[in-house]
Amino acid sequence: GVVFTLHHVRPEGEHVSGPNAHLSVTPEFLDEAIEAALECGLTPAALEDLPARLADKADDRKFVAFTLDDGYRNNAEYAAPVFRRHAVPYTIFITEGFVERTRSLWWETAERLTRLDRPLAFHGEKLSLASETERTAAFNRIAAFVQTEDEDRAVDVLDETARKHGIDPLAITAELTMDADELRALAADPLAHFGAHTVTHVNLRRVDPTRLDAELRRSADAVERYLGRRPCAFAYPYGFAAAVGEREFRAAAEAGLTVAVTTLPGVLSARDAERPTALHRVSLNGRYQKRRYVKALISGLPFRLM
């Protein structure tokens with residue numbers, strides 16, 4: 001089977017066309033993706049149920065689980081009705097710093113900065129924004145800074161730059177993500193499940209063991225505080241090879257999390273029952289919103305060619 005990754009789900013008119021476009025799909029495409037999975041014979045399952053189902057040798061079904069990272073408000077407004085229409089469970093991963101409005105979504109801040117109508121002074125550099133190519137290059141420069149410097153410091157630098165240009169990074173967080181009351185309201189949906197996604201959305205592979213353990217346990221504490229039930233599921237921020245590895249897989253299990261997902265591309269097999277805190281996922285990319293692409297991904301063929 002397959003575990004799908006989503007972020008934003010919002011109408012075409014709200015669809016981001018810039019460097020974050022891959023993180024945004026329309027409700028219509030989500031509907032098509034669910035239909036494609038059902039047409040391929042996949043059985044919808046909640047992510048938290050996958051380890052037991054994969055370990056059951058008498059169960060030869062193939063499964064599909066839908067997951068959404070970061071807790072965007074549009075998940076409740078636009079994605080949840082699509083899942084309800086098909087009676088498909090879904091899991092939303094919550095970052096405490098976003099819910100509490102103490103941590104900015106740096107990639108959203110960076111994109112808004114690159115929409116300025118004048119060159120951007122950033123960390124001693126002047127980044128031209130005169131063309132779409134230059135805007136993309138500026139975004140990539142900021143992303144590289146966040147991904148190679150101390151992440152907390154880099155986000156602080158980016159936030160301060162944004163404030164100097166009249167952009168409030170935490171207001172963006174409040175605009176885009178659900179607060180605790182909204183999460184509790186969505187939790188009334190029996191199809192809605194919730195997992196932890198750290199406290200600060202930091203690259204876990206770049207923090208020390210004490211910080212790693214705190215990001216795992218405190219984020220699970222936060223989900224339990226918001227919703228009254230301790231989560232057993234977790235999503236590693238970023239989730240690619242430079243952000244997660246064997247140390248993080250072990251730490252998640254030691255923190256009491258029974259299933260955890262990366263963004264490393266790949267489909268599910270029975271062997272995944274042996275390493276349920278290291279599951280691969282398949283991203284539904286906003287730049288490729290076609291039913292035939294979904295069916296190709298479900299087949300697993302693209303990953304055998306990688």
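Now for a look at the structure at hand. (Residues numbered from 1 in each chain as written. Predicted model: local features only at pLDDT ≥ 70, side-chain atom pairs only at ≥ 80, totals over all residues. Heavy atoms only, no water.)

1. Some remarks on helix α1 (residues 27-39)
Piece 1. Over its 13 residues, α1 runs 18 Å from end to end, which matches the ideal 18 Å to within 8%, given 1.5 Å per residue.
Piece 2. Residues of α1 that are buried include every one of Pro27, Phe29, Leu30, Asp31, Ala33, Ile34, Ala36 and Ala37, and no others.
Piece 3. Elements in contact with the buried residues of α1: β1 (2-6), β2 (8-9), β3 (24-25), β5 (63-69), α3 (73-86) and α12 (291-299).
Piece 4. Directly after α1, the chain includes Gly41, whose backbone phi takes a positive value near 85°. (Helix = DSSP H or I, 4+ residues; strand = E, 2+ residues; numbered from the N terminus. Expected span 1.5 Å × (residues − 1). Buried < 20%, exposed > 50% of the residue type's maximum accessible area, 1.4 Å probe, protein only. Contact = heavy atoms within 4.5 Å.)

2. Some words on the nonpolar core
Piece 1. Judged by nonpolar contacts, the single largest core of 56 residues is most densely connected at Phe4, Leu30, Phe66, Phe83 and Tyr90.
Piece 2. The biggest single contributor to this core is α1, with six residues.
Piece 3. Not counting chain neighbours up to four residues away, the residues in contact with Tyr90 comprise Phe66, Leu68, Ala80, Phe83, Leu186, Asp189, Leu191, Ala192 and His193.
Piece 4. Membership of the second largest hydrophobic core comes to 28 residues, among which are Leu105, Leu116, Leu127 and Ala162. (Core = buried A, V, L, I, M, F, W, Y, C linked by side-chain atoms within 4.5 Å.)

3. Focus on the pattern of salt bridges
Piece 1. A full pass over the atoms with the stated rule returns 27 salt bridges.
Piece 2. Taking the shortest distance from any N to any O, the salt bridge between Glu125 and Arg141 comes out at 2.7 Å. In this pair, Glu125 is assigned in strand β8 (residues 125-127) and Arg141 in helix α6 (residues 132-148), connecting sequence segments 16 residues apart.
Piece 3. The class of Glu125 is partly exposed, set by a relative accessible area of 29%.
Piece 4. Arg141 gets classed as partly exposed once you look at its relative accessible area, which sits at 29%. (Salt bridge = Lys/Arg side-chain N within 4 Å of Asp/Glu carboxyl O.)

4. Some details on the packing of aromatic side chains
Piece 1. Tallying each qualifying case throughout the model produces eleven aromatic pairs.
Piece 2. For the ring pair Phe98 and Trp107, a centre distance of 6.2 Å and an interplane angle of 75° mean the geometry is edge-to-face.
Piece 3. Judged by its relative accessible area of 6%, Trp107 is buried.
Piece 4. In textbook terms, an aromatic cluster arises when at least three aromatic residues are bridged by ring pairs, as seen for Phe4, Phe66, Phe83 and Tyr90.
Piece 5. It is Arg292 that lies over the ring of Tyr293; its NZ or CZ is 4.9 Å from the centre. (Phe/Tyr/Trp six-rings, centres within 6.5 Å; stacked < 30°, edge-to-face > 60°. Lys NZ or Arg CZ within 6 Å of the ring centre and 35° of its normal.)

5. A look at the environment of Ser24
Piece 1. You can see Ser24 is positioned in strand β3.
Piece 2. Note: C-alpha distance between Ser24 and Ala171 (147 residues apart in sequence) is 20 Å.
Piece 3. Side chain to side chain, Ser24 and Arg10 meet in a polar contact 3.0 Å long. (Polar contact = N/O pair within 3.5 Å; in protein donor to acceptor, adjacent residues only side chain to side chain.)

6. Concerning the pairing of strand β12 (residues 279-283)
Each regular strand carries side chains that alternate between the two faces of the sheet.
Piece 1. When β1 meets β12, the two strands line up parallel, connected through two bridges. Within β12, the residue paired with Phe4 across the bridge is Val282.
Piece 2. Relative to β12, strand β11 (residues 259-265) runs parallel, the two being bridged by two bridges. Counterpart to Val261 in the pairing with β12 is Leu279. (Pairing = 2+ DSSP bridges.)

7. Re unusual backbone geometry
Piece 1. In this structure, Arg101 takes a positive phi of about 60° despite not being glycine.
Piece 2. Structurally, Arg101 can be placed in the loop between α4 (96-99) and α5 (106-113).
Piece 3. In the Ramachandran plot, His201 falls in the positive-phi region, its phi being about 55° despite a non-glycine side chain.
Piece 4. Tracing the backbone through its elements, the reader meets His201 in the loop between β9 (192-196) and α10 (209-227).

8. Re the packing of α5 against α6
The angle between the axes and the distance between the axes are what describe a pair of packed helices.
Piece 1. Their axes nearest at 9 Å, the elements α5 and α6 cross at an angle of 150°. As far as their axial angle goes, α6 and α5 are roughly antiparallel. Viewed along their axes, α5 and α6 form a crossing whose handedness is right-handed. Here Trp106, Trp107, Ala110 and Glu111 of α5 lie close against α6, whose contacting residues are Phe139, Ile142, Ala143, Val146 and Gln147.
Piece 2. Across the contact of α5 with α6, the residue classes break down as seven nonpolar, one polar and one charged. (Axes fitted to C-alpha atoms, helices over the stretch in contact; angles between N-to-C directions. Parallel < 35°, antiparallel > 145°, perpendicular 65-115°, else oblique. Left-handed = near helix turned anticlockwise from the far one by under 90°. Nonpolar A, V, L, I, M, F, W, Y, C, P; charged D, E, K, R; others polar.)

9. Re helix α8 (residues 169-176)
Piece 1. Every buried residue belonging to α8 is among Pro169, Ile172, Thr173 and Leu176, and all of these are buried. In an axial view of α8, the angular spread of the buried residues amounts to 100°, which keeps them on one side of the axis.
Piece 2. Contact partners of the buried residues in α8: β2, α3, α4, α5 and α7 (151-164). (Arc of directions from axis to C-beta.)

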